[in-house]
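Chain by chain, the residues:
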Amino acid sequence: MENFEFLRNVTIGQYFQGDSIIHRLDPRAKITILLILVVVNSFILSFTGNVLLLSWCIALVLLSGISFRFMLSGIKPALPLIVIFALMQLFFYGDAYPPYGMESVTYWRWGIMSITNGSIQLVIVTLMRFLEIFFLVSLLTSTTTTTNIAYAIESMLEPFQRLRVPAQEISLIGTIALRFVPIFAEQMEIIMKAQASRGADFGEGGVFQFVKRTRQMVTLIVPLFVDAFRRAEDLILAMDARCYTGGRGRTKIVRFHMQRVDLLFIAFTAVFGVLIMVFRNHFPI
Amino acid sequence: MDTRGRVIIQVNDLHHTYLSGTPLEVKALKGVTMEVYEGEIVGIIGRTGAGKSTIVQHFNGLIRNRERGRVVVDGHDMADPSLDVRTIRQKVGLVFQHPEQQLFERLVGDDIAFGPKKMGLPPEVRRERVRWAMEMVGLDFEKFKDRFTFSLSGGEMRKVAIAGVLALQPKVLILDESTTGIDPRGRKELLSRMLNLNREHGVTLVFVSSNMDEVASIADRIYVIDDGRTVMHGTAREIFAQPEVLRRYGLGVPHVTTVAHRLAQDGIPMPRVPLTVAEAEEDIWKILSS
Ligand SMILES: Nc1ncnc2c1ncn2[C@@H]1O[C@H](COP(=O)(O)OP(=O)(O)OP(=O)(O)O)[C@@H](O)[C@H]1O
Ligand SMILES: [Mg+2]
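Residues numbered from 1 in each chain as written. Chains lettered and ligands numbered in written order. Predicted model: local features only at pLDDT ≥ 70, side-chain atom pairs only at ≥ 80, totals over all residues. Heavy atoms only, no water.

> I'd like a rundown of the overall build of chain A, residues and numbers included.
If you tally the helices and strands in chain A, you get ten helices and two strands. With the C-alpha coordinates aligned to their principal axes, the bounding extent of chain A is approximately 65 × 60 × 35 Å. Here chain A, with 285 residues, has 42% of them falling under the buried criterion. Pairs at least 24 apart in sequence give 77% of the contacts found in chain A among residues at least 6 apart. Only carbon and sulfur atoms are counted for the fraction: they give 68% of the accessible area of chain A, which is about 16300 Å². Separation between the mean location of the 25 positive side-chain charges and that of the 19 negative ones in chain A comes to 4 Å. (Helix = DSSP H or I, 4+ residues; strand = E, 2+ residues; numbered from the N terminus. Buried < 20%, exposed > 50% of the residue type's maximum accessible area, 1.4 Å probe, protein only. Contact = heavy atoms within 4.5 Å. Areas by Shrake-Rupley, 256 points an atom, 1.4 Å probe, with all protein chains shown as cover. Lys, Arg positive; Asp, Glu negative; His and termini not counted. Charge placed at Lys NZ, Arg CZ, Asp CG, Glu CD.)

Written out as structure tokens, the structure is:
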């Protein structure tokens, strides 16, 4: 049965009001924590390391009070893609990576395809790393308003302004992009409903019937883009009408000051990150 | 309001929750009961956010109910997963509240032809359908068929949106606030065209509106929705005879009806609740001459 509620699956870019400790952290602190954990994430290839990191991310989600189930539902639309990548890794990366902390074992081989304990480990670790990044980014956008994210990015890029880095513009582009994600989901719902109400068929075609689904998507993407351009034009007009002239010389109504909690959170994360990095080659598996 | 045909849409204690199970959950419908008879004009009124658009989206299966309640359209239970909703959508045409949301092709002609094309009609028949639909809403075929949809004015977009749905030749036409944003004369013209569609072509109309004068002039029967529930129903005359109750639901009565209520307060009762200026005029003449 068809279901047009796309918004249900959009968890990135959607802000949820709340009063948790994560909500109240300084946005710069949140971004710093995110950056630290992303760097750590990209170095850790072992099971143990990823279990630790994933637990850390889950703990942060729990602290934020955002429904865990809702956050996970954001992965659903990407599931087919994830499954395909996982299968490719499983079958074709058998010899590419020696397993971490184990003797190499080959379970199955046929032509260029093979399954080894290395490829199995790769699949599991990749999934965990994906989940970590997904949780972190969703957490940032669901506990921080776009205005505050923009503020944080801008203020963190400020030191680079002397090198002619357009801090304000970069943060503006970033926040507009984030803000547009749920808008696109809503728009997609509207266009699909419009076409469906006049006889287009979105009901059939399971998740894995790619050709059919792709063909359906094409008829949606053109109007979606047209709409996006129209919205962009409207936005430009609205910004002009309010005399937006870009970065230089703008002042802020709200100024953030890092509090002790913020620094504590950063310190904890940093210590945790450094410990994992130092011991990353000493984990048993 | 002559002889009642058979029931074509039947709604029983309908509930609907948007984005259920997420933090964004909205309980939009909490018990709507109504029916639409073949050949009649039903009005749905209610304040902003009452759930009117949510109800009508159930009528053509854009929203399928999975919660409490039942929607039966033309004999088919809409909750039945084996039902081919496309056949329903061809019988029940829905014109969206925001017409610019309903147009997705580049050219007006292509957009109106979308439905007939999906039905698999041959090109000549399609062309005839488009021509007929455009005529029904008062758009000149030659002048408009090659216009870009995004270059139209708001009122023209509404007409194209209605034509696009009419091209399916539905048995039931649902108009969700379809006259807002059109100038008074354009509204009147569109209303009389819709009325003509009902009288001459036997199309059942479901008319969602927040303009009481319009609803009064066109609807045979009216349902009042408030906070996701059916709170009143009856003929237009019955409904607009109760201005105090309507006020409680954030609604008013037509201007002519207000005049009648004021006259009654001043000791000059009218023989009936007038729904149109013509009716009021007739009654006032009667009172004056007696
Ligand atoms: N797609 C959606 N997702 C989530 N909530 C929705 C959606 N559409 C409507 N709602 C909510 O459901 C409730 C009923 O909305 P609905 O559009 O049916 O009201 P309406 O009576 O048509 O109002 P209006 O007169 O303003 O058109 C509102 O609270 C609205 O915010
Ligand atoms: Mg509405």
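> A description of the overall build of chain B should follow, citing residues and the corresponding values.
Scanning chain B from terminus to terminus reveals twelve helices and ten strands. Against the 2.2 N^0.38 benchmark of 19 Å for 290 residues, chain B shows a C-alpha radius of gyration of 20 Å, consistent with a compact globule. Overall, chain B is about 65 × 50 × 40 Å in size when its C-alpha atoms are taken along their principal axes. Considering chain B as a whole, with its 290 residues, one finds that 52% of them fall into the buried category. With an accessible surface of roughly 13200 Å², chain B has 50% of that area assigned to carbon and sulfur atoms. Once the 39 positive and 39 negative side-chain charges of chain B are each reduced to a mean point, those two points are 3 Å apart. (Rg over C-alpha atoms; globule rule 2.2 N^0.38 Å.)

> If you had to explain the packing of helix H3 (residues 47-64) of chain A against helix H6 (residues 117-143) of chain A to someone new, which residues and values would you point to?
Residue and element names in this part refer to chain A. Look at H3 against H6: their axes get within 10 Å of each other, and the N-to-C directions meet at 25°. What the angle tells us is that H3 and H6 run roughly parallel. For the pair H3 and H6, the sense of crossing is left-handed. Taken together, the residues of H6 that come into contact with H3 (itself represented by Phe-47, Asn-50, Val-51, Leu-53, Leu-54, Cys-57, Ile-58, Leu-60, Val-61 and Ser-64) are Gln-121, Ile-124, Val-125, Met-128, Arg-129, Leu-131, Glu-132, Phe-135, Leu-136, Leu-139 and Thr-143. Its residues placed into classes, the contact of H3 with H6 shows 15 nonpolar, four polar and two charged. (Axes fitted to C-alpha atoms, helices over the stretch in contact; angles between N-to-C directions. Parallel < 35°, antiparallel > 145°, perpendicular 65-115°, else oblique. Left-handed = near helix turned anticlockwise from the far one by under 90°. Nonpolar A, V, L, I, M, F, W, Y, C, P; charged D, E, K, R; others polar.)

> Give a description of the site of ligand 1 that names residues and reports values.
Ligand 1 sits among 14 residues. The nearest are Gly-49, Lys-52, Ser-53, Thr-54 and Gln-97 of chain B. Each of chains A and B places residues next to ligand 1. Between ligand 1 and the protein, one listed contact pairs a nitrogen atom with a side-chain N or O atom of Glu-189 of chain A at 3.5 Å. Contact distances for ligand 1 include 3.5 Å between a nitrogen atom and a side-chain N or O atom of Tyr-18 of chain B. Here ligand 1, which alone exposes 630 Å², has 68% of that area covered by the protein. Within the residue set of the shell around ligand 1, elements represented by two or more residues are strand E2 (26-37) and helix H1 (52-59) of chain B. Per element, the largest residue contribution to the shell around ligand 1 is three residues, and it comes from H1 of chain B. (Near = heavy atom within 4 Å. Polar contact = N/O pair within 3.5 Å; in protein donor to acceptor, adjacent residues only side chain to side chain.)

> A description of the packing of helix H3 (residues 108-118) of chain B against helix H4 (residues 123-137) of chain B should follow, citing residues and the corresponding values.
Residue and element names in this part refer to chain B. One way to put it is that H3 packs onto H4 with a least axis distance of 9 Å and a crossing angle of 115°. As H3 runs across H4, the sense of the crossing is right-handed. Taken together, the residues of H4 that come into contact with H3 (itself represented by Val-108, Gly-109, Ile-112, Ala-113, Pro-116 and Lys-117) are Arg-126, Arg-129, Val-130, Ala-133 and Met-134.

> Which residues make up the coordination of the magnesium ion (ligand 2), and what values go with them?
Taken together, the protein ligands of the magnesium ion (ligand 2) are Ser-53 of chain B (OG) and Gln-97 of chain B (OE1), with distances of 1.9 to 2.2 Å. Taken together, the residues Ser-53 of chain B in helix H1 and Gln-97 of chain B in the loop between strand E6 (92-95) and H3 connect sequence positions 44 residues apart. (Donors = N, O, S within 2.8 Å, 3.2 Å for Na, K, Ca; no water.)

> How would you explain the pairing of strand E10 (residues 229-235) of chain B if you had to name every residue and give the values?
Residue and element names in this part refer to chain B. Pairing analysis gives six bridges linking strand E9 (residues 221-226) to E10, with the strands arranged antiparallel. When the bridges of E10 are listed, Asp-226 appears paired with Arg-229. Where E9 hands over to E10, the hairpin turn is made up of two residues, of which Asp-227 adopts a positive phi near 50°. (Pairing = 2+ DSSP bridges.)

> Talk me through helix H2 (residues 27-43) of chain A; I want residue IDs and the actual numbers.
All names here are of chain A. The end-to-end C-alpha separation of H2 is 25 Å, in line with the 24 Å expected for 17 residues at 1.5 Å each. Where H2 is concerned, the buried positions are Pro-27, Arg-28, Ala-29, Lys-30, Ile-31, Ile-33, Leu-34, Leu-37, Val-40 and Asn-41. Along its buried surface, H2 packs onto helix H1 (21-24), H3, H6, helix H7 (146-157) and helix H10 (260-278). Of the residues flanking the start of H2, the one acting as N-cap is Asp-26, its side-chain oxygen 2.7 Å from the backbone nitrogen of Arg-28. (Expected span 1.5 Å × (residues − 1).)

> Could you give me a rundown of the side chain of Glu-40 of chain B, with the residues and numbers involved?
Residues and elements named next belong to chain B. Within the secondary structure, Glu-40 is located in the loop between E2 and strand E3 (41-45). By relative accessible area, which is 7% here, Glu-40 ends up buried. A polar side-chain atom of Glu-40 sits 2.8 Å from the main-chain amide nitrogen of Tyr-37. Within the local environment of Glu-40, its side chain forms a polar contact with the side chain of Arg-221, the two groups lying 2.8 Å apart. Beyond its immediate sequence surroundings of up to four residues, Glu-40 is in contact with Glu-35, Asn-198, Thr-204, Leu-205, Asp-220 and Arg-221.

> I'd like to hear about unusual backbone geometry, residue by residue, with values.
Residue and element names in this part refer to chain B. Its identity is not glycine, yet Asp-13 carries a phi of approximately 45°, on the positive side. Mapped onto the elements, Asp-13 comes out in strand E1 (residues 7-18). For Asp-13, a relative accessible area of 30% gives the class partly exposed. For Asp-227, which is not a glycine, the phi torsion comes out positive at approximately 50°. Within the secondary structure layout, Asp-227 lies in the loop between E9 and E10.

> Describe the environment of Val-277 of chain B, and please don't skip the residues or the numbers.
Residues and elements named next belong to chain B. Examined against the element boundaries, Val-277 turns out to sit in helix H12 (residues 277-289). In this structure Val-277 comes out as exposed when scored by relative accessible area, which is 60%. Residues Val-277 and Thr-204, 73 residues apart in the sequence, show an inter-C-alpha distance of 25 Å.

> For the sheet that holds E2 of chain B, give the residues involved together with the corresponding values.
Sheet strands line up and pair through hydrogen bonds in the backbone, either parallel or antiparallel. All names here are of chain B. Read from one edge to the other, the open sheet built from four strands follows the order E2-E1-E4-E5, with strand pairing classed as antiparallel. Single-partner strands in this sheet number two, and they are E2 and strand E5 (76-77). Both strand E4 (residues 70-73) and E5 contribute to a ladder of two bridges, which runs antiparallel. Each residue of the ladder has a partner; that of Val-72, found in E5, is Asp-77.

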